[in-house]
Amino acid sequence: MQIISTIGLITINETVFIELISFLIFLFIINRIMFRPLQAVMTERENHISELSGSINQSKNQLTEMDEQVRTQELAAIKEAHHHKKGLEDDATQQAKSFLEASRKEMLAIKQESQEVINRQILKARAEIRNESEKLAVLIMEKVLDRRLAQ
């Protein structure tokens, strides 16, 4: 190996190729050890969040459908009450009130149940995300510090 002395700022010799090969090996290793697992965890987390979001949207759609069914039942009760109003006005108004009250109670019960289910799913998702983020943080710290952390 011959040392070339020049006045220029940059000299190209054999060490440039060795440094280039060392850098490429470093990139390959860091990609295998850090970036691929990190991307896999991020993709898995995004998929899990999108699944939870889909189930929440599905629950909201079911709530809307149930609300429409309750409204349909409410309208049917009102129509029936008006139909019998001519001959049995007092009885029809009492029946309509009882139907409306039952429908409202049922609607409130359904809404409360659906809200409880949604809240449980949100709490579960938050707990899982928090757990995964803690694991990911420990993993990243271990990789950065290049040693095992005591938990």
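Since we're looking at a predicted model, the values are computed, not measured.

Caption draft 1: Inspection of the overall build of the protein chain at higher detail. Tallying secondary structure elements over the protein chain gives two helices and zero strands in all. The C-alpha radius of gyration computed for the protein chain amounts to 34 Å, which surpasses the reference 15 Å derived for 151 residues by more than 25%, pointing to a less compact arrangement than a globule. Oriented by its inertia axes, the alpha-carbon framework of the protein chain measures out at about 115 × 40 × 20 Å. Counting only residues that meet the buried cut, the protein chain has 13% of its 151 residues in that class.

Caption draft 2: Examining the environment of Val-16 more closely. Tracing the backbone shows Val-16 in helix 1 (residues 14-83). Between the C-alpha atoms of Val-16 and Lys-124, which are 108 residues apart in sequence, the distance is 54 Å.

Caption draft 3: Fine view of helix 1. Given a rise of 1.5 Å per residue, 70 residues ought to cover 104 Å, and the 99 Å separating the end C-alpha atoms of helix 1 matches this to within 8%. Where helix 1 bends most, the angle comes to about 45 degrees, and this point is Asn-31. For helix 1, the complete set of buried residues consists of Leu-52, Ile-56, Ser-59, Asp-67, Val-70, Glu-74, Ala-77 and Ala-81.

Caption draft 4: Inspection of a nonpolar patch on the surface at higher detail. A contiguous nonpolar patch, built from Leu-20, Phe-23, Leu-24, Phe-26 and Leu-27 and spanning about 490 Å² of accessible area, is present on the exposed surface. Within the secondary structure layout, Leu-27 lies in helix 1.

Caption draft 5: A look at the pattern of salt bridges. Taken as a whole and assessed by the stated rule, the structure comprises two salt bridges. Linking Asp-67 and Arg-71 is a salt bridge whose minimum nitrogen-to-oxygen distance equals 3.2 Å. Of the two residues, Asp-67 and Arg-71 are both situated in helix 1; the distance of four residues between them amounts to about one turn of the helix. By relative accessible area, Asp-67 is classed as buried at 15%.

Caption draft 6: Up close: the side chain of Ser-103. Along the chain, Ser-103 falls in helix 2 (residues 89-145). For Ser-103, a relative accessible area of 9% puts it in the buried group. The contacts of Ser-103, once residues within four sequence positions are left out, are Val-70 and Glu-74.

Caption draft 7: Quick look at the environment of Glu-74. Along the polypeptide, Glu-74 turns up in helix 1. Along the sequence, Glu-74 and Ala-102 sit 28 residues apart, while their C-alpha atoms lie 9.3 Å from each other. Each residue touching Glu-74, except ones within four places of it in the same chain, is listed here: Leu-100, Ser-103 and Arg-104.

Criteria and cut-off values
- Residues numbered from 1 in each chain as written.
- Predicted model: local features only at pLDDT ≥ 70, side-chain atom pairs only at ≥ 80, totals over all residues.
- Heavy atoms only, no water.
- Helix = DSSP H or I, 4+ residues; strand = E, 2+ residues; numbered from the N terminus.
- Rg over C-alpha atoms; globule rule 2.2 N^0.38 Å.
- Buried < 20%, exposed > 50% of the residue type's maximum accessible area, 1.4 Å probe, protein only.
- Expected span 1.5 Å × (residues − 1).
- Bend = angle between axes of the 7 residues up to and from the residue.
- Patch = residues over 30% accessible without salt bridge, like charges linked within 9 Å, V, L, I, M, F, W, Y side chains within 5 Å.
- Areas by Shrake-Rupley, 256 points an atom, 1.4 Å probe, with all protein chains shown as cover.
- Salt bridge = Lys/Arg side-chain N within 4 Å of Asp/Glu carboxyl O.
- Contact = heavy atoms within 4.5 Å.

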